[in-house]
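An overview of the molecular structure
Read off the chains here:
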Amino acid sequence: MQNFLPILQLPEETEPQSAPRDKLGGLPWGLRSDMWPVCTQCGGSQSLLAQFVHDPVRLDLGRTGRVLNVFQCNHDPGMCENWQGGAGGNACFVVEPEDLLRGLSEQPGDDPEIEFEAFVAEWETHDDGLSSEDARLFFPSDVQPGNADPTGPSMTDFDPTSSTRLGGVPFWIQSPHEAPQGGWTFVGQLDNTISFRRAPTVDHPDVEPDRSRWEGRTHTAIGPNFGDNGVGYIFLKHGGPLPQGWFFWQCA
Ligand SMILES: [Zn+2]
């Protein structure tokens, strides 16, 4: 199966944003104030984790120009249940291009934390070596018990990357049974570390070299708060007028 790793760049390395773009953190593009998600637990405005634009291969949102938005509440870390899908402490939704304003969204009055911002300069295509049959092992609740082959491969025979990407299979930290049930498709994941695979060309106080060169990255920055070394998982369900989104995270 193919997966897609982002080559990131700092906002200082690119033109000011003038259209929807694949990005992590920062201010969302194009959301009206009534579209900015509010935490149902504390009532605060949530923080943008990522915006990704429809792409027929990388991220199928069903229509050109649609944008996937992922948010979580950062007002009261550890209190609002921002790790749970559907609990109101995070949000994952798709917006039609006609509903997007032409500009960055205005920061809400309650000043939600703005996550470290990085733009995707390009996507690197990788093959994880899994067949679509192998990929089902990562969603055990989708596999009928009678159909499981006890002599066949298991999830632990594969080693998906934990880094931020679109496509492939999830790097589960806890139980795969936390995946949403019934027609949902895994479309990507967010790491709590921002990984630069190409060295930034400008200095940034929050960007540090990664001497271990893990997965070929050169620099890192602190990304979203997903607990201890957490990873967030993005699922979509097609079928309605707009695909539905589902987000949750797990940590060590
Ligand atoms: Zn909250």
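What this report covers is the structure whose coordinates are included nearby. Keep in mind the model is a prediction, meaning the values are calculated, not measured.

1. Quick look at the overall build of the protein chain
Along the protein chain, the regular secondary structure elements total one helix and 13 strands. Going from the N terminus to the C terminus, the protein chain shows its helices and strands as β-β-β-β-β-β-α-β-β-β-β-β-β-β. A compact globule built from 252 residues should have a C-alpha radius of gyration of about 18 Å, and the protein chain, at 18 Å, falls within 12% of that. For the protein chain, the C-alpha atoms occupy an extent of roughly 55 × 40 × 35 Å along the three principal directions. Looking at the protein chain as a whole, 40% of its 252 residues qualify as buried. Pairs at least 24 residues apart make up 71% of the contacts formed inside the protein chain by residues separated by at least 6 positions.

2. Focus on the pairing of strand S1 (residues 2-9)
Pairing analysis gives eight bridges linking S1 to strand S6 (residues 118-127), with the strands arranged antiparallel. Within the sheet, the bridge partner assigned to Leu8 lies in S6 and is Val120. As paired strands, S1 and strand S7 (residues 165-167) are joined by two bridges and run antiparallel to one another. The partner of Phe4 across the bridge, within S7, is Leu166.

3. Brief notes about the sheet that holds strand S10 (residues 208-209)
Paired through backbone hydrogen bonds, the strands of a sheet run either parallel or antiparallel to each other. Taken in spatial order, the three strands make up an open sheet running S9-S11-S10, and their pairing is antiparallel. The open sheet is flanked by strand S9 (193-196) and S10, the only strands paired with a single partner. When S10 meets strand S11 (residues 219-222), the two strands line up antiparallel, connected through two bridges. Bridge pairing in S11 links Pro209 to His219.

4. Points about the pairing of strand S13 (residues 244-250)
Within S13, six of the seven residues are buried, which leaves the element mostly enclosed by the surrounding structure. Strand direction decides the pairing type here: strand S12 (residues 231-237) and S13, joined by seven bridges, are antiparallel. Following the sheet pairing, Lys237 is matched in S13 by Gln244. Taking the residues that link successive antiparallel strands as the turn, the S12-S13 hairpin has six residues, and the phi of Gly239 there is positive, at about 130°.

5. What to know about unusual backbone geometry
Phi is positive for Arg213, which is not a glycine, with a value near 50°. Tracing the sequence through the fold places Arg213 in the loop between S10 and S11. With a phi close to 55°, Asn229 is a non-glycine residue in the positive phi region. Within the secondary structure, Asn229 is located in the loop between S11 and S12. For Asn229, a count of 13 C-beta atoms within 10 Å gives the class partly exposed.

6. Here we look at the nonpolar core
The biggest cluster of nonpolar side chains holds 50 residues, and the ones touching the most others in it are Val70, Tyr233 and Phe235. The contact partners of Val70, leaving out residues within four places of it in the chain, are Leu49, Ala50, Cys92, Ile234 and Phe247.

7. Some remarks on the environment of Gly85
With respect to the helices and strands, the residue Gly85 is situated in the loop between strand S4 (67-72) and strand S5 (90-95). You can call Gly85 partly exposed: it has 19 C-beta atoms within 10 Å. Along the chain, Gly85 and Ala179 lie 94 residues apart, while their C-alpha atoms are 8.9 Å from each other. Other than its neighbours up to four places away in sequence, Gly85 contacts Pro180, Trp246, Phe247 and Phe248.

8. Here's the deal with the environment of Glu81
Inspection of the secondary structure assignment puts Glu81 in the loop between S4 and S5. Put simply, Glu81 and Cys42 are 39 residues apart on the chain and 9.9 Å apart in space, counted from C-alpha to C-alpha. The residues touching Glu81, leaving out its near neighbours within four places in the chain, are Gln41, Ala87 and Gly89.

Calculation rules
- Residues numbered from 1 in each chain as written.
- Predicted model: local features only at pLDDT ≥ 70, side-chain atom pairs only at ≥ 80, totals over all residues.
- Helix = DSSP H or I, 4+ residues; strand = E, 2+ residues; numbered from the N terminus.
- Rg over C-alpha atoms; globule rule 2.2 N^0.38 Å.
- Buried ≥ 20, exposed ≤ 12 C-beta atoms within 10 Å, placed from the backbone.
- Contact = placed C-beta atoms within 7 Å.
- Pairing = 2+ DSSP bridges.
- Core = buried A, V, L, I, M, F, W, Y, C linked by C-beta atoms within 7 Å.

As far as function goes, none of this settles anything; it's purely spatial.
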